[in-house]
Amino acid sequence: EYLGTDEAIGEPLGTTGTDPQRQTRAYRTGYDRGLADGRQAGKEDKEGPNRWDLEGQRELEQADAGYTTEVGRRDDYQAGYRAAFRIGYREGFGPR
């Protein structure tokens, strides 16, 4: 299931998928912010006492860091943020 996603095959976001949600400005903005935040959280957790606690990340609960109404729908932003945060977290944490 994961292998068919844009992120897994290395394509730029939204180029192979047909999900219209991925084409929104809100999704793309959330994706960019989530990727950066995820990388930072992964780095912090690797060095801190909370080792590899991705599902416990408070950032994923709200998934609206940096959201403003000007970018579009909040649920689109959150979907992009959550998708990218998980990718960024793994990148920031590095190999186990």
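Residues numbered from 1 in each chain as written. Predicted model: local features only at pLDDT ≥ 70, side-chain atom pairs only at ≥ 80, totals over all residues. Heavy atoms only, no water.

Draft legend 1. Main features of the nonpolar core. With ten residues, the main nonpolar core is built from A26, A41, L60, A63, V71, Y77, Y81, F85, Y89 and F93. Going through the elements one at a time, helix 2 (25–47) and helix 4 (74–93) are the ones with two or more residues in this core. Ranked by residues supplied to this core, first place goes to helix 4 with five residues. Within the second largest apolar cluster, five residues are counted, among which are Y31, L35, A84 and I87. (Core = buried A, V, L, I, M, F, W, Y, C linked by side-chain atoms within 4.5 Å. Buried < 20%, exposed > 50% of the residue type's maximum accessible area, 1.4 Å probe, protein only. Helix = DSSP H or I, 4+ residues; strand = E, 2+ residues; numbered from the N terminus.)

Draft legend 2. Region of the structure containing the packing of aromatic side chains. Taken as a whole, this structure holds six aromatic pairs when the rule is applied. Between Y77 and Y81 the ring centres are 6.4 Å apart and the planes differ by 25 degrees, which places this aromatic pair in the stacked class. In this pair, Y77 and Y81 both sit in helix 4, four residues apart, roughly one turn of the helix. Comparing Y77 with Y81, the two get one shared label, buried. Taken together, the ring pairs connect Y67, Y77, Y81, F85, Y89 and F93 into an aromatic cluster. (Phe/Tyr/Trp six-rings, centres within 6.5 Å; stacked < 30°, edge-to-face > 60°.)

Draft legend 3. A look at unusual backbone geometry. The backbone phi angle of A63 is positive, close to 50 degrees, even though this residue is not glycine. By the secondary structure assignment, A63 is in the loop between helix 3 (58–62) and helix 4. Look at A63 and you get buried, because its relative accessible area is 1%.

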